[in-house]
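Examination of the molecular architecture
What follows is the residue order along each chain.
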Amino acid sequence: GDSVTQMEGPVTLSEEAFLTINCTYTATGYPSLFWYVQYPGEGLQLLLKATKADDKGSNKGFEATYRKETTSFHLEKGSVQVSDSAVYFCALSDGTGGFKTIFGAGTRLFVKA
Amino acid sequence: SQTIHQWPATLVQPVGSPLSLECTVEGTSNPNLYWYRQAAGRGLQLLFYSVGIGQISSEVPQNLSASRPQDRQFILSSKKLLLSDSGFYLCAWTDQETQYFGPGTRLLVL
């Protein structure tokens, strides 16, 4: 079945460092890909998404490109801030039937001042 | 705009007691609805999803159940809580692809 694998955390960075969180997926169809973010004590919220190959999703300085050839959707940010400290989830949705979304295990990011 | 509510926000319950968590969605009709559980420091576990009133699909066998008595209301229940039921419970709805999450209910079973 479909699956999402993302790098284990925690990831600890200093403020203004470059961030990469790796995500790869397995899917039989043509899924849409997502990054969700969860701030402490809150529910998840959509950070960005891409619906087809070579699309780039971007939001709040974060970017991810849908790479079909490598089945990847890595999250990047050029300069992280303390306020980016959160858990990041990579996910895919194939949009079929009950519209289930497959989530990765999540990667916790700590940004130090 | 659409909003999703969950209550209570926090709950402390003794082992063996019943549970009822409620989720309501505003601003959309006939949404697909989901219940997830997140154990401390862990990822999301899909518990139930519903594509319409009275239609519930269970993803994981356990002592929890779900009901959808109205189009925009989704309830998670248990007759007798276990210690292992502790966690952060999230309700979500979808617009076909993107999932929109509620603020969550933190449940501690003692």
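Report follows, based on the coordinates. (Residues numbered from 1 in each chain as written. Chains lettered and ligands numbered in written order. Predicted model: local features only at pLDDT ≥ 70, side-chain atom pairs only at ≥ 80, totals over all residues. Heavy atoms only, no water.)

**Regarding the pairing of strand β3 (residues 19-26) of chain B**
All names here are of chain B.
- Across five bridges, the pairing between strand β1 (residues 3-7) and β3 is antiparallel. Residue pairing across strands places His5 opposite Thr24, the latter belonging to β3.
- Across six bridges, β3 lies against strand β8 (residues 73-78) in antiparallel orientation. Pairing of Cys23 across the sheet is with Phe74, part of β8. (Pairing = 2+ DSSP bridges. Helix = DSSP H or I, 4+ residues; strand = E, 2+ residues; numbered from the N terminus.)

**Focus: the state of the cysteines**
Residue and element names in this part refer to chain A.
- Scanning all chains against the criterion turns up two disulfides over all chains.
- Cys23 shares a disulfide with Cys90; S-S distance 1.9 Å. Negative torsions about the S-S bond denote left-handed disulfides, and the value of about -70° found for Cys23 with Cys90 makes this one left-handed. In this pair, Cys23 is assigned in strand β4 (residues 23-26) and Cys90 in strand β10 (residues 86-93), connecting sequence segments 67 residues apart. (Disulfide = S-S within 2.5 Å.)

**A closer look at the nonpolar core**
- Within the largest apolar cluster, 26 residues are counted, with the highest numbers of intra-cluster contacts made by Leu19, Trp35, Leu47, Leu48, Phe73, Leu75 and Tyr88 of chain A.
- With four residues, β10 of chain A is the single largest residue contributor to this core.
- Apart from the residues lying within four places of it in its own chain, the contact partners of Phe73 of chain A are Cys23, Leu33, Phe34, Trp35, Leu48, Lys49, Ala50, Ala64, Thr65, Tyr66 and Cys90 of chain A.
- Counting 20 residues, the second-largest nonpolar core is a separate cluster that includes Leu33, Leu64, Phe74 and Val109 of chain B. (Core = buried A, V, L, I, M, F, W, Y, C linked by side-chain atoms within 4.5 Å. Buried < 20%, exposed > 50% of the residue type's maximum accessible area, 1.4 Å probe, protein only. Contact = heavy atoms within 4.5 Å.)

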